[in-house]
Amino acid sequence: MYARAVGTFVQSFPCRERFPCAMATPFIYSSLMIYSASRRTDLPAFYPDALVRRVDRSRKLEAIVLWTKDIRNLARHAGLARVVRTVPTVVNYTVTGLAGTAWEPRVPPLGVQHDDLAAVARVLPARAICWRFDPIIPTPDWLDRFRTVKRGLESALGPVDSVTVSFPDPYRKAVARTRAAGLEWPVVPPSLRREMISALVAEFDRSREALPVRLCCEPELLDIPGVGQARCIDGGLFQELYGLPLGDVPKDAGQRVHCGCARSTDIGEYANVCGHGCLYCYARPDEGPEADPVR
């Protein structure tokens, strides 16, 4: 997909017309930029205009990771649909089956997103839409929820070979918010965590994917068979899908110590209210004035 020449990368990119921004030659990987949009708020769902403006004015952007619980704007918003068609894109798509419950009161259910999800999948390479069942809220029906979501995704995407998961971290404001809503914070003891992750591994065809369950910042569970370290921003995946020389991008030192993500620039703002209203969200701000949607 690419050739190394005198310390630079010269690409022979098969999708040259679809992804012109990936064609700059020659270049050095350290000059490349991966945008994360965003861990801090759902930019595709609530701030698509600002997101598109930020992408359009970037001169160094080579790839983008979109984080969302509502994929519809990737198909319906003209500017964002153009970004998906022309910029190498990976989508971290969170679907937990809790949409419309107290945990995720304003997240739209997968059913109303189905056709748009299928449309986006037709534009992107296979494996560019990455499912996150995250966090795992241990309701009595948690495994049934997982199975229902997996079937729904497969009806739009085809076979789903892997999932990224984690357990909810007890951030003080999230715990207080949950109790104020009349719910108890979900405490999952270590033994139950192991049982739950092993149950998820059993839901996948191991002949298709060696490590179907990817754990985000759960190092004590990585010895479970079928489990691997999550890389929610994965330079190697961009290299595999688009031929971009990002496989050696170093770990992002600004993230948690057990985070496996490659270095990126997050363009969201914590001060921007995400309209989903999820109780467990660490990024959800206290009430107050909003900042500009992107940095």
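First, a word on scope: everything that follows refers to the structure included in this document. (Residues numbered from 1 in each chain as written. Predicted model: local features only at pLDDT ≥ 70, side-chain atom pairs only at ≥ 80, totals over all residues. Heavy atoms only, no water.)

Some thoughts on the packing of helix 5 (residues 110-123) against helix 6 (residues 142-157)
Under the convention used in this document: A fitted line through C-alpha atoms serves as each axis, taken over the contacting stretch for helices, and the angle formed by two N-to-C directions is quoted from 0 to 180°. Secondary structure counts use DSSP, requiring at least four H or I residues in a row for a helix and at least two E residues in a row for a strand, with both numbered from the N terminus. We call a crossing left-handed when the near helix sits turned anticlockwise from the far one by less than a right angle, and right-handed when that turn is clockwise. We call two residues in contact when some of their heavy atoms are within 4.5 Å. Residue classes follow a fixed rule: Ala, Val, Leu, Ile, Met, Phe, Trp, Tyr, Cys and Pro count as nonpolar, while Asp, Glu, Lys and Arg count as charged, and any other residue, Gly among them, counts as polar.
Following both chains from N to C, one finds helix 5 and helix 6 inclined at 40°, their axes separated by 8 Å at the closest point. Two packed elements cross with a definite hand, and for helix 5 against helix 6 that hand is right-handed. On helix 6, the residues that touch Leu110, His114, Leu117, Ala118 and Ala121 of helix 5 are Val149, Gly152, Leu153, Ser155, Ala156 and Leu157. Among the residues making up the contact of helix 5 with helix 6, the classes are represented as eight nonpolar, three polar and no charged.

Some points on the nonpolar core
To keep things clear, this is the line we draw: Definition of nonpolar core: a set of buried residues of the types Ala, Val, Leu, Ile, Met, Phe, Trp, Tyr and Cys, connected through side-chain atoms within 4.5 Å. For each residue, the accessible area found with a 1.4 Å probe, counting protein chains only, is set against the maximum for its type, and the residue is called buried under 20%, exposed over 50%, and partly exposed in between.
By size, the foremost hydrophobic cluster in this structure holds 72 residues, and its most contacted members are Trp131, Ile197 and Val213. Apart from the residues lying within four places of it in its own chain, the contact partners of Val213 are Val163, Val165, Ile197, Leu200, Val201, Phe204, Gly226, Val227 and Gly228. Counting ten residues, the second-largest nonpolar core is a separate cluster that includes Val107, Ala174, Trp185 and Cys278.

Things to note about the side chain of Thr178
Tracing the chain through its elements places Thr178 in helix 7 (residues 172-180). Here Thr178 is in contact with Trp103, Leu183, Glu184, Trp185 and Leu279, once residues within four sequence places are set aside.

Considering the layout of surface pockets
Counted only if it meets this: In this analysis a 1.4 Å probe is tested at points of a 1 Å grid over the protein atoms alone, and where it fits but cannot get out there is a cavity; an open set with protein on both sides within 12 Å along at least five of seven lines is a pocket; lining residues have an atom within 4 Å of a point. Grid points are joined across faces, edges and corners, and a volume is the space filled by probe spheres set on the points.
What the largest pocket holds in volume is close to 910 Å³. Every residue lining the largest pocket is counted, 39 residues in all, and those nearest its centre are Arg39, Trp67, Arg132, Asp134 and Tyr282. Sorting the residues of the lining of the largest pocket by element identifies strand 4 (61-68) and strand 5 (89-94) as the ones contributing at least two each. Of the residues belonging to the lining of the largest pocket, the class tally is 17 nonpolar, ten polar and twelve charged. Volume-wise, the second largest pocket comes out at about 770 Å³. If you go around the second largest pocket, you meet 32 residues; those closest to its centre are Arg127, Ala128, Ile129, Cys130 and Ser162. Counting only elements with at least two residues in the lining of the second largest pocket, the list comes to strand 5, strand 6 (129-132), strand 7 (163-165), strand 9 (227-229) and helix 9 (235-242). Take the lining of the second largest pocket: its biggest share by element is four residues, from strand 6. Considering only residue class, the lining of the second largest pocket consists of 17 nonpolar, six polar and nine charged.

Considerations on the pairing of strand 5
Where we set the bar: By definition, two strands form a pair when at least two bridges between them are found by DSSP. Viewed with both strands pointing away, a crossover whose connecting path from the first strand over the helix to the second turns clockwise is right-handed.
Taking burial as the measure, the six residues of strand 5 include six buried ones, the bulk of the element. Alternating residues of strand 5 divide into Thr89, Val91 and Tyr93 and Val90, Asn92 and Thr94, and every residue in both groups is buried. Across four bridges, the pairing between strand 5 and strand 6 is parallel. From the neighbouring strand, Val91 faces strand 6, where its bridge partner is Ile129. With respect to chirality, the unit in which strand 5 leads through helix 5 into the neighbouring parallel strand 6 is right-handed.

With respect to unusual backbone geometry
Cis geometry is found at the peptide bond from Ala37 to Ser38, where omega equals -5°. Mapping Ser38 onto the fold places it in the loop between strand 3 (33-37) and helix 1 (43-46). The backbone of Arg127 shows a phi angle near 80°, a positive value even though the residue is not glycine. Mapped onto the elements of the fold, Arg127 is located in the loop between helix 5 and strand 6. Positive phi outside glycine occurs at Cys217, with the angle close to 55°.

Side note on the pattern of salt bridges
What counts, and what does not: Whenever a carboxyl oxygen of Asp or Glu lies within 4 Å of a side-chain nitrogen of Lys or Arg, that contact is scored as a salt bridge.
Tallied over the full model, the rule gives 14 salt bridges. Arg40 serves as the salt-bridge partner of Asp266, at 3.9 Å between the closest nitrogen and oxygen. Placement of Asp266 in strand 10 (residues 265-266) and of Arg40 in the loop between strand 3 and helix 1 is noted, with a sequence separation of 226 residues between them. Both residues of the pair, Asp266 and Arg40, count as buried. The closest approach of N and O atoms between Lys69 and Glu104, which form a salt bridge, is 3.9 Å. Residue Lys69 is found in the loop between strand 4 and helix 3 (73-76), and its partner Glu104 is found in the loop between strand 5 and helix 5; the two are separated by 35 residues along the sequence. For the residue pair Lys69 and Glu104, the accessibility class agrees, reading buried in each case. One continuous salt-bridge network, built from bridges that share partners, spans Asp144, Arg147 and Glu203.

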